Amino acid sequence: VGSYSYDMTKMLFNISHLTFIQKQSIILDYSIEILNLKPRDKIFLAGALGNYSLAGFQMNLRRHVMSYIITYYLPSGLFVVVSWISFLIPPDIVPGRMALLITLFLVLINIFNNITTNSPKAEGLTAIEIWMLACILFVFGERLSFSMKIARNALGVSTSSELYMSLRGQTFMRHEKAHDDHAGT
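Residues numbered from 1 in each chain as written. Predicted model: local features only at pLDDT ≥ 70, side-chain atom pairs only at ≥ 80, totals over all residues. Heavy atoms only, no water.

- An unreviewed UniProt entry lists the protein chain under the name Neurotransmitter-gated ion-channel transmembrane domain-containing protein, with Tigriopus californicus given as the organism.

Shown next as structure tokens:
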């Protein structure tokens, strides 16, 4: 609060008593601290127009980080570590491996939706959203890797380049067969 009509020679603001009663609230994600203004912040220097007196307070908000770590970061990180167990499951056991990866993928998507619903709107991505997207991409990458292993096993090839050539050859052979069938009719 300040006056922009009367300079410090005509009007001087002063706060005699500043109090704030803070109750621990479960609803707030931060603690609030109210401080008096510093002496340099009590004066507005307007150059040739003069100096003006200001009155107010400084409010510091500190976020409670531990609740986010326990609720979001730790579980999602552990889910990614658990998804690494899928590498220990033999590729022949498709249902168990797929069930594990898809369940973890869906759980991470659910956590991400919960975060975006309960977080305040921001211009870009927040740190917690980037973390969750990275976790989701890790699990999705593992599922993609497993799908490649299934495709290689089904086609009887051992490397990704052989898989590519095999798929390309099958596509070429399908086109040739379709062309021959079309030409014979």
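Brief notes about the side chain of Ser 76
- By the element assignment, Ser 76 lies in helix H1 (residues 65-83).
- Among the polar contacts made by the side chain of Ser 76, one reaches the side chain of Trp 131 at a distance of 2.7 Å.
- Ignoring any residue separated from it by four or fewer positions in sequence, one finds Ser 76 in contact with Leu 108, Trp 131, Met 132 and Cys 135. (Helix = DSSP H or I, 4+ residues; strand = E, 2+ residues; numbered from the N terminus. Polar contact = N/O pair within 3.5 Å; in protein donor to acceptor, adjacent residues only side chain to side chain. Contact = heavy atoms within 4.5 Å.)

Things to note about the environment of Leu 28
- For Leu 28, the position within the fold is in the segment before strand S1 (30-36).
- For Leu 28, a relative accessible area of 32% translates into the label partly exposed.
- Put simply, Leu 28 and Arg 63 are 35 residues apart on the chain and 8.8 Å apart in space, counted from C-alpha to C-alpha. (Buried < 20%, exposed > 50% of the residue type's maximum accessible area, 1.4 Å probe, protein only.)

Regarding the pattern of salt bridges
- Overall, the coordinates contain two salt bridges when judged by the stated rule.
- Residues Arg 62 and Glu 33 are paired through a salt bridge, measuring 3.0 Å at the closest nitrogen-oxygen approach. Of the two residues, Arg 62 is situated in strand S4 (residues 57-63) and Glu 33 in strand S1; the sequence distance between them amounts to 29 residues.
- The exposed category is assigned to Arg 62, whose relative accessible area is 52%. (Salt bridge = Lys/Arg side-chain N within 4 Å of Asp/Glu carboxyl O.)

Description of helix H2 (residues 94-118)
- Compared with the 36 Å implied by 1.5 Å per residue over 25 residues, the 36 Å span of H2 between its first and last C-alpha is a close match.
- Buried residues of H2: Arg 97, Met 98, Leu 101, Leu 104, Leu 108, Ile 111, Phe 112 and Ile 115, and no others.
- Buried positions along H2 lie against H1 and helix H3 (127-155). (Expected span 1.5 Å × (residues − 1).)

Digging into the nonpolar core
- By size, the foremost hydrophobic cluster in this structure holds 13 residues, and its most contacted members are Tyr 72, Leu 108, Ile 115 and Met 132.
- Contributions of two or more residues to this core are made by H1, H2 and H3.
- If we skip the residues at most four places from it in the chain, Leu 108 touches Ser 76, Phe 79, Val 80, Met 132, Cys 135, Ile 136 and Val 139. (Core = buried A, V, L, I, M, F, W, Y, C linked by side-chain atoms within 4.5 Å.)

Quick word on the packing of aromatic side chains
- All chains considered together, the criterion is met by four aromatic pairs.
- Here the aromatic rings of Tyr 68 and Tyr 72 are separated by 6.1 Å at their centres, their planes lie at 35°, and the arrangement is tilted. Of this pair, Tyr 68 and Tyr 72 are both found in helix H1, four residues apart, which corresponds to roughly one turn of the helix. (Phe/Tyr/Trp six-rings, centres within 6.5 Å; stacked < 30°, edge-to-face > 60°.)

Describing H1
- Its 19 residues place the ends of H1 26 Å apart at the C-alpha level, agreeing with the 27 Å of an ideal helix rising 1.5 Å per residue.
- Of all the bends in H1, the greatest, near 30°, is centred on Tyr 73, and the proline Pro 75 appears no more than four residues after it.
- Listing the buried residues of H1 in full gives Tyr 68, Tyr 72, Ser 76, Gly 77, Val 80 and Ser 83.
- Of the surrounding secondary structure, the elements contacted by the buried residues of H1 are S4, H2 and H3. (Bend = angle between axes of the 7 residues up to and from the residue.)

Examining the environment of Arg 63
- Tracing the backbone through its elements, the reader meets Arg 63 in strand S4.
- With a relative accessible area of 49%, Arg 63 lands in the partly exposed category.
- Between the C-alpha atoms of Arg 63 and Tyr 30, which are 33 residues apart in sequence, the distance is 4.0 Å.
- Within the structure, Arg 63 has its side chain in polar contact with the side chain of Tyr 68 (distance 3.2 Å).

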